[in-house]
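Residue strings, one per chain:
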Amino acid sequence: MRKLRIFIRDFVKKHKFIRKIVRFILLHLRRFSYKLTTVGCKTDSKTVVFACFQGLSYCDSPKAIYEHIKALDAFKDFRFIWAFKEPENYDHLKDERTSVIKIDSKAFLKTLGRAKYWIFNYKIRDHIDPKKDQIFVQCWHGTPLKRLGCDLENFENAMNTLSEIRKRYNIETKKFSYFLSPSAFASEKFISAWNMKEAGKESVILEEGYPRNDLLKNYTEEDVLRVRKALGIAEDKKVILYAPTYRDNQHSVKSGGYTYKTEVNFDRLRDTFSNEYIILFRPHWLVAREFDFEKYRGFVYDASGFDDISELYIISDLLITDYSSVFFDYANLKRPIVFYMYDLEAYRDDIRGFYLDISELPGPIVTKEDELIEEIKKSDDFEYGEKYKAFNDTYNYLDDGQASARASKIIFDL
């Protein structure tokens, strides 16, 4: 039966016309089902529902906003609901005001029908629409380096054509009450990528900094020790955080999702750096399940299951990434960053394209393994220079540790 489902899914994806028909039918069936499930659900002005990365984790700006408002007297009689794919792993969040439910379940849909506030950091399902008296806050999950949505050109990924991608972004745009932004640069790109101007939605942009980055300004040494202990990192080891993104053109029929083949030679890195460093490997959440580093035990730590990447930032001495937006946030810490872009030309010209000139990036760009190793060695002599400062002044000037407070004041009319 599973093989038959995979065959049908593969067949539909390969034949664009059939895929278009199937998606149209499913969209309207699911939309009808959602309306039927939530019929009669009266909006509760003191219920807030949160979800991150379609229920995969407890993190990001929804987490920061939740923890901020929960501590305020104004919310002492509010109800908070978190939606997860595996809610049993988050029982520790439960208390008299907070509950956890399974995302996409009937209970979740009814919660959406009742909750006044929806606080998410990823696109919600196309068939789910907030009512006029509900507030949908799109926190998103990063300042964009690579092009998004309606800004993509001459491109289609393994699952969607360019027109299909744009259509889905346009569907999403109509739902926004607020869209969080960390800078004027990001606001401009979000408005363009979601085609907000044409939809008359430019005013939804909430340019107050990223709540999730409050931790990077407010963390303590106790926080650092807590995270290192949770990961089992020895006190005498420095930490390299390796956080690559996925490739839109790498997709597996078998898994039904994106894949990623790392081009890093971990054997060589272990031989060169294992006496001084450990590596936290944190791939994009879409491909986190694709790796097995048992052979590198004690040197490469699988951090894909660690909920909050912000907590990985604060314990890391060096970030290695490629085209992921993680470097925008990490730059708040004023620590060394190396960009390992081994497929730079293909990614820039054929896959995504960039929003900014990569010469602005706050660290060296390397395309070969030898260069990567040399830059890791040089990181011991890192200095926070003018180029790095100019980057933060342009992209992170609102990240001051108070973004959660500012955003919450507007969202909840405090």
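Residues numbered from 1 in each chain as written. Predicted model: local features only at pLDDT ≥ 70, side-chain atom pairs only at ≥ 80, totals over all residues. Heavy atoms only, no water.

Enquirer: Can you tell me about the layout of surface pockets, naming the residues and giving the values?
Expert: Taken as a whole, the second largest pocket spans an internal volume of roughly 380 Å³. What lines the second largest pocket is a set of 21 residues, among which Lys 63, Ala 64, Glu 67, Leu 215 and Asp 308 lie closest to the centre. Listing elements by their share of the lining of the second largest pocket, those giving two or more residues are helix H3 (60–70), helix H8 (214–218), helix H11 (309–315) and helix H16 (403–411). Looking at the lining of the second largest pocket residue by residue, the class counts come to seven nonpolar, six polar and eight charged. (1 Å grid on protein atoms, 1.4 Å probe; cavity = no way out; pocket = protein on both sides within 12 Å on 5 of 7 lines; lining within 4 Å. Points joined across faces, edges and corners; volume = space filled by probe spheres on them. Helix = DSSP H or I, 4+ residues; strand = E, 2+ residues; numbered from the N terminus. Nonpolar A, V, L, I, M, F, W, Y, C, P; charged D, E, K, R; others polar.)

Enquirer: Talk me through the sheet that holds strand E8 (residues 238–243); I want residue IDs and the actual numbers.
Expert: The strand order across the open sheet formed by six strands is E12-E11-E8-E13-E14-E15, and the pairing between neighbours is parallel. For this open sheet the edge positions go to strand E12 (300–302) and strand E15 (365–366), each flanked by a neighbour on one side alone. One ladder, built from three bridges, connects strand E13 (residues 318–321) with strand E14 (residues 337–340); its direction is parallel. Opposite Thr 321, over in E14, you have Phe 339 as the bridge partner. (Pairing = 2+ DSSP bridges.)

Enquirer: Lay out the nonpolar core in plain terms, naming residues and giving numbers.
Expert: Counting residues in hydrophobic clusters, the biggest one holds 76 residues, and the most contacted among them are Trp 118, Trp 194 and Leu 280. Ignoring anything within four residues of it in the chain, the contact list for Trp 118 reads Tyr 34, Val 49, Leu 112, Ile 124, Ile 128, Asp 129, Pro 130, Gln 134, Ile 135, Phe 136 and Val 137. Residues Cys 59, Ile 65, Leu 93 and Ile 135 belong to the second largest nonpolar core, which totals 27 residues. (Core = buried A, V, L, I, M, F, W, Y, C linked by side-chain atoms within 4.5 Å. Buried < 20%, exposed > 50% of the residue type's maximum accessible area, 1.4 Å probe, protein only. Contact = heavy atoms within 4.5 Å.)

Enquirer: Give me the packing of aromatic side chains: which residues, what numbers.
Expert: Per the counting criterion, the structure on display carries 44 aromatic pairs. Both rings, one in Tyr 122 and one in Trp 140, keep their centres 5.9 Å apart while their planes meet at 5°; by these two values the pair is stacked. Of this pair, Tyr 122 sits in the loop between strand E4 (115–120) and strand E5 (135–138) while Trp 140 sits in the loop between E5 and helix H5 (162–173), and the two are 18 residues apart along the sequence. Among the residues examined, Tyr 122 registers a relative accessible area of 17% and is labelled buried. For Trp 140, a relative accessible area of 5% translates into the label buried. Taken together, the aromatic side chains of Phe 50, Tyr 58, Tyr 66, Phe 75, Phe 78, Phe 80, Trp 82, Phe 84, Tyr 90, Tyr 117 and Phe 412 make up a single cluster linked through ring pairs. The ring centre of Tyr 122 lies 4.7 Å from the NZ or CZ of Lys 123, which sits over that ring. (Phe/Tyr/Trp six-rings, centres within 6.5 Å; stacked < 30°, edge-to-face > 60°. Lys NZ or Arg CZ within 6 Å of the ring centre and 35° of its normal.)

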